[in-house]
Amino acid sequence: MRLTIIAQVLLAATAMAAPAVFRRDKDGAVAAFNAIQGSTSNSALSANVGTFFSNLNGIADPSDVQLADKQVTDQISANSLNKVPTSLTAAWVASTLVHFIQ
């Protein structure tokens, strides 16, 4: 009897915690998105993009995330080779990723 009550309490606590976990992931993605916009170097921009994508776990379709990750990574590399200012690259990345957090 006590074991059943304990199991029910744990199950209820887990069910109530699930929205908080989702919210933390979305909040983390929003924070990483803000960091993307403020990136001052291509290495920082790449790191912030990685953080952004890692926080999308459970929020976005994995195939969409994978496609966007490849496109963004390729564009950051190309812009770096062509000496495009990081602020312009960061603006492009932000415009490409904003739909994931809206």
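Up top you'll find the structure we're talking about.
Residues numbered from 1 in each chain as written. Predicted model: local features only at pLDDT ≥ 70, side-chain atom pairs only at ≥ 80, totals over all residues. Heavy atoms only, no water.

Chemist: In this structure, what is going on with helix 3 (residues 62-81)? I would like to understand it.
Modeler: One turn of an α-helix holds 3.6 residues; hence residues three or four places apart share an orientation. Look at helix 3: 29 Å from first C-alpha to last across 20 residues, which is about the 28 Å you get at 1.5 Å a residue. Those residues of helix 3 not exposed but buried are Val 65, Ala 68, Val 72, Ile 76 and Asn 79. Mapping the buried residues of helix 3 onto a view down its axis gives an arc of 70°, with all of them on the same face. In helix 3, the exposed positions angled more than 90 degrees off the buried face are occupied by Gln 66, Lys 70 and Leu 81. The first or second residue beyond helix 3 is Lys 83, which carries a positive phi of 60°. (Helix = DSSP H or I, 4+ residues; strand = E, 2+ residues; numbered from the N terminus. Expected span 1.5 Å × (residues − 1). Buried < 20%, exposed > 50% of the residue type's maximum accessible area, 1.4 Å probe, protein only. Arc of directions from axis to C-beta.)

Chemist: Is there a simple way to explain the nonpolar core in this structure?
Modeler: Nonpolar side chains in soluble globular proteins tend to be buried together. Residues Val 49, Phe 52, Phe 53, Val 93, Leu 97 and Phe 100 are the most contacted members of the largest nonpolar core, which totals 20 residues. Secondary structure elements with two or more residues in this core: helix 1 (2-37), helix 2 (42-54), helix 3 and helix 4 (86-97). Setting aside chain neighbours within four positions, we find Phe 100 in contact with Phe 52, Phe 53, Leu 56, Ile 59, Ala 60, Asp 64, Val 65 and Ala 68. (Core = buried A, V, L, I, M, F, W, Y, C linked by side-chain atoms within 4.5 Å. Contact = heavy atoms within 4.5 Å.)

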